[in-house]
Amino acid sequence: MSIFFISDNHFDALDYMRHVFPRPEFKDNNDMNETMIRNWNSVVSDDDLVISVGDFCYTDPRPWLDKLNGNKIMIRGNHDNWCEGYAGDWHMILEYKKMRFYVTHDPAYVPREWQEWVIHGHHHKMPDYPFINGKQKNINVACEVIGYKPLNMDIIVGLNMESIKWMNTPESKPELW
């Protein structure tokens, strides 16, 4: 079993997204939805765990959840009005390979006393919110930043994050301290 993260899918909300966070790579809702389903299922197996870090969709989530591989944990996002019975808390603490991560949709929700890494979404666009901001110890898994495909936790922890000052996307070359 592997653990994956993704945030801000906003399934079926391309028209809204075009006004707030453009997604020009998609011609319409169907194109966006089908691409994200295909991308998700290309990396996630039925035994894997996917932590959706908020803003999954604007409608009933069941049709989307039924089409996506893996077991899912849903963290609440600021647009998750549908979430009663589907999304859990606003955050979780994940311990993985001797590291602790605060997982929340918006990094503004992180308690001041938290000193370890944060996995978040909410901020869709770079350059202000890259994949890794080493100074703030933030890992941004908004789907635009990670290529509309859930990101494996082993890739994240395999990056030697303490040495990274800034990294735009999981595929980009990191700027080191």
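First things first, this report covers the structure right here in the doc. (Residues numbered from 1 in each chain as written. Predicted model: local features only at pLDDT ≥ 70, side-chain atom pairs only at ≥ 80, totals over all residues. Heavy atoms only, no water.)

### Quick word on the sheet that holds strand β6 (residues 117–120)
- With mixed pairing, the 7 strands of this open sheet are ordered in space as β4-β5-β6-β8-β7-β10-β11. Here the strands that pair on one side only, and so sit at the sheet edges, are β4 (91–96) and β11 (175–176).
- Looking at chain direction, β4 and strand β5 (residues 99–104) are connected through 6 bridges and run antiparallel. Its bridge partner lying in β5, Tyr 96 is registered against Met 99. (Pairing = 2+ DSSP bridges. Helix = DSSP H or I, 4+ residues; strand = E, 2+ residues; numbered from the N terminus.)

### Describing the nonpolar core
- Ranked by size, the top nonpolar core spans 45 residues in total, and within it Phe 5, Phe 101, Val 103, Ile 139 and Met 153 carry the most contacts.
- Those residues within four positions of Phe 101 in sequence are excluded, and the remaining contacts are Met 92, Ile 93, Leu 94, Tyr 96, Trp 114, Trp 117, Ile 119, Ile 139, Met 153, Val 157 and Met 161. (Core = buried A, V, L, I, M, F, W, Y, C linked by side-chain atoms within 4.5 Å. Buried < 20%, exposed > 50% of the residue type's maximum accessible area, 1.4 Å probe, protein only. Contact = heavy atoms within 4.5 Å.)

### Observations concerning the pattern of salt bridges
- Here the structure, examined in full by the defined rule, presents 7 salt bridges.
- In this structure, Glu 95 engages Arg 100 in a salt bridge whose closest nitrogen and oxygen atoms are separated by 4.0 Å.
- When its relative accessible area of 58% is taken as the criterion, Glu 95 is described as exposed.
- A relative accessible area of 31% means that Arg 100 is categorised as partly exposed.
- The closest approach of N and O atoms between Glu 162 and Lys 137, which form a salt bridge, is 3.9 Å. (Salt bridge = Lys/Arg side-chain N within 4 Å of Asp/Glu carboxyl O.)

### A few points about the layout of surface pockets
- In this model, the largest pocket occupies a volume close to 170 Å³.
- Forming the boundary of the largest pocket are Pro 107, Val 110, Pro 111, Arg 112, Trp 114, Gln 115, Glu 116, Val 118, Lys 135, Gln 136, Lys 137 and Asn 138.
- Class assignment of the residues belonging to the lining of the largest pocket gives a composition of 5 nonpolar, 3 polar and 4 charged. (1 Å grid on protein atoms, 1.4 Å probe; cavity = no way out; pocket = protein on both sides within 12 Å on 5 of 7 lines; lining within 4 Å. Points joined across faces, edges and corners; volume = space filled by probe spheres on them. Nonpolar A, V, L, I, M, F, W, Y, C, P; charged D, E, K, R; others polar.)

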